[in-house]
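In case you want the letters, here they are:
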Amino acid sequence: MFSLPWLELSRFRRHTITRLAMVVIIVIPAIYAGLYLASNWNPTGNLDKLQAAVVNLDRGADSPTDDDERVEAGDELVDNITGNSDSGFNWHETSLAEANQGLADGRYFAILEIPANFSSSIVSTGGDDPQQADLTLRSDDAHSFIVGQLSGTVLREIADALDATVTADYVSQVYVGFNTIHDSVAEAADGAAQVSDGADQLAAGAVQLDDGATQLDEGTTTLVDGLVELDDGARQLDTGAAELSSGASELSTGISTARSGSETLADGAAQVADGTATLAATADTATARANEVKDRADELVANAQPQLEQAGDDFDQVADRIDERLADRIAQLREDYPDDENVAQLANELTAVQDDLGTARTRADAAAAQAQNLQQRLASASDQVISQVNEADAQIDRLNDGAQQVSTGADTLASGMVTLDTGGRQLVDGAATLSTGTGQLVEGTGTALSGARELSTGAGQLAEGTGEAVDGSQELADGASELAERLSAGLEDIPTYSADDREERSSVVATPIDAQQDRMNEVSVYGEGLAPFFITLSLWIGGMITFMVINAIPYRALASTTGSGRVAWAGYVPGALFGIGQVIVLYGVLVFALDFTAGVWLGTIAFSILIAVSFHAIHQLCIAALGGVGRLVALVLLMVQIGAAGGTYPVETAPAFFQAISPWLPMTHGVSGLRALIAGGDLATVWQSVGALVLTMVLALAATTLVCARKRTVSMTRLHPSLSL
């Protein structure tokens, strides 16, 4: 079974060049895969070797919390990324012109430009007009497309870090604001409690004020009623005094006439007898009028005196009520509410009323005293006049009785009439004085009544206002109490945060999602992720190289009686042995040169050998069936499989054509099986790939056997091929 394959291999031991050819066949896949994987082993881990420029145009801004502090966000960003190997690139701070020149000539792979308003935009997040801070990262795809892609990732990482920092600072200020609100609400609650206590005191004072105002209103009403009665009595007294003055004038006129008559009588006794009848009639009339005047005067004085005394008592009662009830209450109100203008005005009005009452009382007392004096004088004068009139009347009567006595009594009558005339004049003067006093009394009572009515009106308004004040102060007390209760209740709902708590919460809120990537069966470096594709690719190329050096089938065996299957096997076994050697050398280079690791080492090597031997079977078929054209077909298959194997990106990202043919291509199964073994994934995928590759190998060997059977017959096409490669 192995004699023919060994015979085919023995040809390569004859010359040095053939031995070198065997070495080249085994080493080519290792060189191919090793070079590609070495160049792409860990590109992301070496980004710090790429030079990049950072241009800081930031002008800074005032801190939103401290006017004496400046925010230099641009400088902080430059400090964070320059000299930091974790910042993506190797950053250098330069001017804008130098950065642009460096990007143009390829010295810098990227430019990070920090604008002038960078700090002001960041601090605006805590103001009324928040603005986004801009960062611009420029790259040039003419120098490297991949760097442009990586620049986007670097920029996002820088922006995310800045977002977290800015958000943490902002949220920290928000938590500080909660503390400030808590303290302010606490002060407001204390103030509301004080307002509630003051409102309760105000309500109590308002109740007292309302009681005092009600009593004042009642007292002023009583005062007005008493002053109305006093005013009516004063007016009656004034009317009676006027009538008394008029009667006294008439009496004085009569007495003057009588005096004139008595003098005439004294001049001529002869004429007395003739005038006695007239004199007697006149004396009787004067006596009647004098008695009438005396009666009216006595009646007037008798009526006026009690009313004056009653008015004085009413004045005293009202004044006592005001002094006892209102003055003390208003004094208490002024002590409780020294700044209340209404209480001060009320006290001033009460003082004015007391002054008016005092004035009215003084005038009433003066009028009463004057009336009493006039009463005494009038009574004395009236008694004297009446006495004299009666005496004159008696004398006239005696004169009438005896004309003889007229001459004797004429002198006495004349003297009496002189005295009577003097008393009449005094009566006239007293009546006039009484009339003047009663007029003043009427004027005083009118003024007192007007003031008392104004006081009563003010007291009524005060009582109404104090009633409203009681309601308002009670509402104020209820509202202040409710406000204090609600503020105290709300205070419990407002949180406070310590510095450590704020820092922790701000950090959590700034990055509320802790996004962690859980990569199952993770490979350590980028090169290990590409290894399944490049290993499979290199083994395909190894198969192509193998059958460029050795024959696909031993053509001399075709002319023998050896079976076609054995001929095909004799051509396949040397290639498969070269494939196994390629796998061993390839993994030796990967392990020792690149520190390559695999999740399942034994399975990885065994599966790689399966890939190599199945690929060699395919290449043997292509060469055996098509000759040199078969190498072109193998190359076309390689190009198709590179696009459909999903070696770098999942095949689902490829066009529909590649997705359709991918399951039917051997390299697809080689890549998927190696990927699962190297990363340590699901072995079910490996067994599926093993089945597909074994089936491919068996079908290729069977087809090669058929080709060998056909090649035992010589045709013109074989003798004169249309294309030879």
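Residues numbered from 1 in each chain as written. Predicted model: local features only at pLDDT ≥ 70, side-chain atom pairs only at ≥ 80, totals over all residues. Heavy atoms only, no water.

Asker: I keep staring at the overall build of the protein and nothing clicks. Help me out?
Answerer: Scanning the protein from N- to C-terminus turns up 19 helices and six strands. Across the 725 residues that make up the protein, the buried fraction comes to 41%. For the protein, the proportion of contacts with a sequence separation of at least 24, taken over those separated by at least 6, is 82%. Within the structure as shown, the protein displays about 38,000 Å² of accessible surface, and the carbon and sulfur contribution to it stands at 54%. (Helix = DSSP H or I, 4+ residues; strand = E, 2+ residues; numbered from the N terminus. Buried < 20%, exposed > 50% of the residue type's maximum accessible area, 1.4 Å probe, protein only. Contact = heavy atoms within 4.5 Å. Areas by Shrake-Rupley, 256 points an atom, 1.4 Å probe, with all protein chains shown as cover.)

Asker: How should I be thinking about the sheet that holds strand β4 (residues 90–93) in this particular structure?
Answerer: Through backbone hydrogen bonds, the strands of a sheet pair up, either in parallel or in antiparallel fashion. Spatial ordering of the open sheet is given by β4-β1-β5-β6, a layout of four strands whose pairing is mixed. Lying at the two open borders of the sheet, with one neighbouring strand each, are β4 and β6 (136–139). Ignoring strand direction, the axes of neighbouring strands in this sheet form an average angle of 25°. Alignment of strand β1 (residues 51–56) against β4, held across four bridges, turns out to be parallel. By the bridge assignment for β4, Ala-53 is matched with His-92. Relative to strand β5 (residues 110–114), helix α4 (residues 96–104) is tilted by about 155°, and along the sheet it contacts β1, β5 and β6. (Pairing = 2+ DSSP bridges. Axes fitted to C-alpha atoms, helices over the stretch in contact; angles between N-to-C directions.)

Asker: Can you help me understand a nonpolar patch on the surface in this one?
Answerer: A contiguous nonpolar patch, built from Leu-632, Leu-635, Val-636 and Met-639 and spanning about 350 Å² of accessible area, is present on the exposed surface. By secondary structure assignment, the location of Leu-632 is in helix α15 (residues 628–644). With relative accessibility at 45%, the residue Leu-632 sits in the partly exposed group. (Patch = residues over 30% accessible without salt bridge, like charges linked within 9 Å, V, L, I, M, F, W, Y side chains within 5 Å. Salt bridge = Lys/Arg side-chain N within 4 Å of Asp/Glu carboxyl O.)

Asker: Which parts of the structure should I look at to understand the pattern of salt bridges?
Answerer: Pairs can form between side chains of opposite charge whenever their charged atoms are close. Taken as a whole and assessed by the stated rule, the structure comprises three salt bridges. The partner of Glu-113 in a salt bridge is Arg-138, with the nearest N and O atoms 3.5 Å apart. Placement of the pair is Glu-113 in strand β5 and Arg-138 in strand β6, with a sequence separation of 25 residues.

Asker: Got a minute to help me understand unusual backbone geometry in this structure?
Answerer: Working note: non-glycine residues mostly have negative phi, and peptide bonds are mostly trans. Phi at Asp-595 is positive, roughly 60°, even though this residue is not glycine. Here Asp-595 is to be found in the loop between α13 (564–594) and α14 (601–626).

Asker: So what exactly am I meant to see when it comes to the nonpolar core here?
Answerer: Membership of the largest hydrophobic core comes to 44 residues, with the highest contact counts inside it found for Ile-535, Leu-539, Phe-607 and Met-667. Among the elements of the structure, α11 (526–549), α13, α14, α15, α17 (666–679) and α18 (683–711) are those that each provide at least two residues to this core. Those residues within four positions of Met-667 in sequence are excluded, and the remaining contacts are Thr-536, Leu-537, Trp-540, Phe-615, Leu-638, Gln-641 and Ala-645. Core analysis: the next-biggest nonpolar cluster, separate from the first, contains 20 residues, Ala-52, Ala-110, Ile-122 and Val-123 among them. (Core = buried A, V, L, I, M, F, W, Y, C linked by side-chain atoms within 4.5 Å.)

Asker: Any chance you could explain the packing of aromatic side chains here in plain terms?
Answerer: What describes a pair of aromatic rings is the distance from one ring centre to the other and the angle between the planes of the rings. What the rule picks out here adds up to seven aromatic pairs. Each ring, one from Phe-533 and one from Phe-534, has its centre 5.4 Å from the other, and the planes form 65°; the classification is edge-to-face. Taken together, a centroid distance of 6.2 Å and an interplanar angle of 75° make the contact between Tyr-587 and Trp-601 edge-to-face. On the criterion of sequence distance, the pair formed by Tyr-587 in helix α13 and Trp-601 in helix α14 is long-range, its members being 14 residues apart. By relative accessible area, which is 4% here, Tyr-587 ends up buried. According to the relative accessible area criterion, Trp-601 is partly exposed, its value standing at 31%. Here the aromatic residues Tyr-587, Phe-596 and Trp-601 are joined through ring pairs into a cluster of three or more. (Phe/Tyr/Trp six-rings, centres within 6.5 Å; stacked < 30°, edge-to-face > 60°.)

Asker: Looking at this structure, how should I read α4?
Answerer: Since one α-helical turn is 3.6 residues long, residues separated by three or four positions face the same way. Every buried residue of α4 is accounted for by Ala-99, Gly-102 and Leu-103. For α4, the arc enclosing every buried residue in end-on projection is 100°, short of the 170-degree limit, so these residues lie on one face. The outward face of α4, more than 90 degrees from its buried face, is lined by the exposed residues Ala-97 and Ala-104. On its buried face, α4 is in contact with β1, β5 and β6. One or two residues past the end of α4 sits Gly-106, with phi positive at roughly 85°. (Arc of directions from axis to C-beta.)

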